[in-house]
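# Topology and contacts: notes
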Amino acid sequence: MKLQGARELCTLKDMVSMEIVTTRLICQRKKKVKEDLEFGCIFLTIFTFCTNSARLHWRYCSGQSDRLHVTFASHVKSFTDTNFCSDVSPFICLFIPRVISMQPKWARLAYVEAQGDLKVPFKDALPTREEQISALRSTEEFDVLVVGGGATGSGCALDAVTRNLKTALVERSDFSSGTSSRSTKLIHGGVRYLQKAIMKLDYEQYMMVKEALHERANLLNIAPHLSAPLPIMLPVYKWWQLPYYWAGIKMYDLVAGSQCLKSSYVLSKSKALEFFPMLKKDKLVGAIVYFDGQHNDARMNLAIALTAARHGAAVANYTEVVHLLKNPDPKTGQEKVCGAHCRDIITGQEFDVRAKCVINATGPFTDSLRKMDNQKNANICQPSAGVHIVIPGYYSPDNMGLLDPATSDGRVIFFLPWEKMTIAGTTDTPTEVTAHPIPVEDDINFILSEVRNYLSPDVEVRRGDVLAAWSGIRPLVTDPNSKDTQSICRNHIVNISDSGLVTIAGGKWTTYRSMAEETLDAAVKAHNLSAGPSRTVGLMLDGGKDWTPTMYIRMVQDYGLENEVAQHLAATYGGRAFEVAKMAQVTGKRWPIVGKRLVSEFPYIESEVQYAVKEYACTAIDVISRRTRLGFLNVQAADEALPRIVEIMGKELQWTEQKKKDELEAAKNFLYMEMGYKARSEQLSKTTEISLTAPEIARYKKRFYKFDKESKGFITTVDVQQVLEKLSIQIDENALHEILNEVDLNKNGQVELDEFLQLMSAVQRGHISDSRLAILMKTAEEGLDLRGPVSVDRSGGGV
């Protein structure tokens, strides 16, 4: 019986292998024909919609009377009802369903192949960073050295190592420290690019959207803990736009085929306001809802890099390339790249990493490495800055995003729920390449202005509600015929220099895997590497395999974690969340039993800092921005958590006291410059005018002098502490210094009356919404007023 079972298993394996090979051959021979025919079908569909838009019939179903349902059959019917398409519609009716029906089969076979015979040498424990550096130094020669630890670089390393190539990756900063952590957090095909493809009959853009939609489906499958489908609403304010946008969104669904997440639908005005009550009501006709993916971009990037490390790649962050190594080709005498001379930024040690092939995946810094190869190389990247802001979660529903398809200057703005906050962006302006991009006030105000245009007048959109802001640099491929970066396609290019340096440039987050596959295909061919085909389609990323939607319940039951904390850990670490829970410290409370929070309003706990070190976190910035997302969600909360984070990391990494001070200062500077704290602080310093009425000034002076008992004209931490003691309120002295420092414009250690009035004026105008000093003084004043003078009778009558 065992022998028979083994034979059946062998036969099944052979059948699967044969079907994989057969399918791959069929795909290679007919891929171009299929793509051309699909492209033709799409545009025939568009033509039909344009010529028959008046004949569209809306069918409402019982119980969901506000939703428009148009099935694939109705698309086919619109073809057969058109004389122009009568000759081709039978072919379309047969061809498109067949193409769509084949896609799930190909996906299943790819998954079987990806998970098949791959070895995972570090399935349980990752090598330490020191061990990774040692592997880089001691390995005689790698097959592939990837420079750059963003999404594309990490994807290249994962693709290479799963092809059984000896792989190394070095990153000058931290994994995902650049563009890959500063995205819109969407996994999408690009509705805007499909619109351009349709309007300009651009086959290249069409194929880019199609590829991205395929990659979207794959990414949602391989990292289910870090990603999920998100409904996005497109509000419509003109009747003629409804069929126009509806046709475009339906094309988006059609291009996705069987990989469409969920079918798009139309909502009436009342239903749109029910789903998105903050929406502006005036002139609203209805809305269209479509689905794309959303993810935690920095954690996704890290998961890709960690997956590569678990499969045996030697990966090291904070390791920069000083210069490329070259050897003359024995046949031609021409110098060829054969590795890189690297420096470990943490220790300062330098060493050579030799490799048969070097891949340049440095994003916005692509041209820097190309010029390191050859100073005469022309620039191929045109950087573009995209600014995003984070505002409180009450600005949007928990499970519905918003798309503004046509802003005042022709750009697209997304307004999305993310990590229980609301993210809005992005801008798209030319910029200079820098490792530390800074969000500028004009871009922040532009986004706020566009958000106001779509929200109800009842919702006051205040500058002071911006909790964080950041700028990311997109590495767009230069188009000489383009007038501005907004019209540049996000397509990628793979270039191989005369010296053999392989460069991957451009592209988008969603297509990182296919870009990596194409890059490795080119590298294998150019350098005659012994490797098979890519095996990353369907390959589960770190933490994804053992994740389930309900695993957080077990964490609550087994470890005594808060429900919110358990959900956060499951959604961040997937199946490895239990490792973080095991490291959590006892709280000393009845509930939760374990899991001390870093800050009260966010579910990040102290054991995550310890676990971050195992994930190659080397600085406090790594923890607040990429291992956790605290710095991207609320800069003040991140600033409050920093001392404890530095303390925990110092213990784990054996930092000296001076090193702790340096880390704290560097992290504070990062929040101040790159995460919008500077722009936020300047809202008070720029408010030189005190725009308050006479009664308001009198009221705020009265409040001020409750603290300034001696009428000095200023208050210090001592004055505030004395008032708080009367109310039996205790605040840490360091925290009190920080609270006053936010308002102390001339940094003399005290808050003067004029500074306090400027603060209250800024609060009144909405420039500042959550000043801790303003809230503290108001609360204290109310407490003092409630207490009033203590009578002799109530005190016991005296003597």
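Our subject is the structure listed above.
An account of the accompanying structure is given in this report. Along each chain, numbering runs from 1 in the same order as the chain's sequence is written. It should be noted that, the model being predicted, local features are given only for residues of pLDDT at least 70 and side-chain atom pairs only at 80 or more, the latter also being counted only at that level, while totals for whole chains, interfaces and linings use all residues. Side-chain metrics in this entry use all non-hydrogen atoms of the structure; hydrogen atoms and water are not considered.

### Quick notes on helix α13 (residues 512–527)
Numbering of helices and strands runs from the N terminus, with a helix taken as a DSSP run of H or I at least four residues long and a strand as a DSSP run of E at least two residues long. In this analysis, the expected span of each helix is defined as 1.5 Å times one less than the number of residues it contains. A rise of 1.5 Å per residue sets the reference length of α13, with its 16 residues, at 22 Å; its end C-alpha atoms lie 22 Å apart and thus fit the reference within 8%. A 1.4 Å probe rolled over the protein chains alone gives each residue an accessible area, and that area as a share of the maximum for its type sets the label: buried under 20%, exposed over 50%, partly exposed in between. Taken as a whole, α13 has its buried residues at Y512, R513, S514, M515, A516, T519, L520, A523 and V524. Of the residues one or two after α13, N528 is the one with positive phi, at around 55°.

### A few points about the packing of aromatic side chains
In summary, the pairing rule links any two rings of Phe, Tyr or Trp, Trp by its six-membered ring, whose centres are within 6.5 Å, and it sorts them by plane angle into stacked for under 30 degrees, edge-to-face for over 60 and tilted for everything else. Going through the model one piece at a time under the given rule, you end up with 16 aromatic pairs. With 6.4 Å between their ring centres and 50° between their planes, Y265 and F291 make a pair best called tilted. Residue Y265 is found in strand β5 (residues 265–268), and its partner F291 is found in strand β6 (residues 286–295); the two are separated by 26 residues along the sequence. Grouping residues by exposure puts Y265 and F291 together as buried.

### Concerning the packing of helix α18 (residues 620–627) against helix α20 (residues 635–653)
When two helices pack together, their arrangement is captured by the angle between the axes and the distance separating the axes. Axis definition: a line fit to C-alpha positions, over the contact stretch in the case of helices; interaxial angles, taken between N-to-C directions, run 0 to 180 degrees. Close contact between α18 and α20 brings their axes to 9 Å; oriented N to C, the two are set at 120°. One way to sum up the angle between α18 and α20 is to call them oblique. Seen from above, α18 lies across α20 with right-handed handedness. Where α18 approaches α20, its residues A620, V623 and I624 are matched on the opposing element by L642, I645, V646 and M649. Residues belonging to the contact of α18 with α20 are distributed by class as follows: seven nonpolar, no polar and no charged. Relative orientations are named as follows: roughly parallel for angles under 35 degrees, roughly antiparallel for angles over 145 degrees, roughly perpendicular for angles from 65 to 115 degrees, and oblique for any other angle. Note on convention: the crossing is left-handed when the near helix lies turned anticlockwise from the far helix by less than a right angle, right-handed when the turn is clockwise. Only heavy atoms enter the contact rule, under which two residues are in contact if any of them lie within 4.5 Å. Polar here means any residue outside two lists: the nonpolar Ala, Val, Leu, Ile, Met, Phe, Trp, Tyr, Cys and Pro, and the charged Asp, Glu, Lys and Arg; Gly therefore counts as polar.

### With respect to the environment of I359
In this structure, I359 sits in strand β10 (residues 350–360). Exposure remark for I359: the relative accessible area of 0% places this residue in the buried category. The spatial distance from the C-alpha of I359 to the C-alpha of L145 is 6.2 Å, given a sequence separation of 214 residues. Excluding its chain neighbours within four sequence positions, the residues that come into contact with I359 are V144, L145, V146, V147, C156, V502, I504, T519, L520 and A523.

### Some remarks on the nonpolar core
Each nonpolar core is a collection of buried residues, namely Ala, Val, Leu, Ile, Met, Phe, Trp, Tyr and Cys, held together in the definition by side-chain atoms within 4.5 Å. Counting 69 residues, the largest nonpolar core has I645 and L671 as the members making the most contacts within it. Take this core: its biggest share by element is 10 residues, from helix α8 (residues 241–256). Apart from the residues lying within four places of it in its own chain, the contact partners of I645 are L598, V609, A620, V623 and I624. V161, I304, A308 and L539 belong to the second largest nonpolar core, which has 46 residues in total.

### A closer look at the packing of helix α6 (residues 191–200) against helix α7 (residues 203–222)
Running from N to C, α6 and α7 point in directions that differ by 150°, and their axes come no closer than 8 Å. Taken as axis vectors, α6 and α7 run roughly antiparallel relative to one another. Note that α6 runs across α7; the crossing there is left-handed. Each of Y193, L194, K196 and A197 in α6 lies in contact with α7, whose residues at this interface are Q205, Y206, M208 and V209. Its residues assigned to classes, the contact of α6 with α7 comprises six nonpolar, one polar and one charged.

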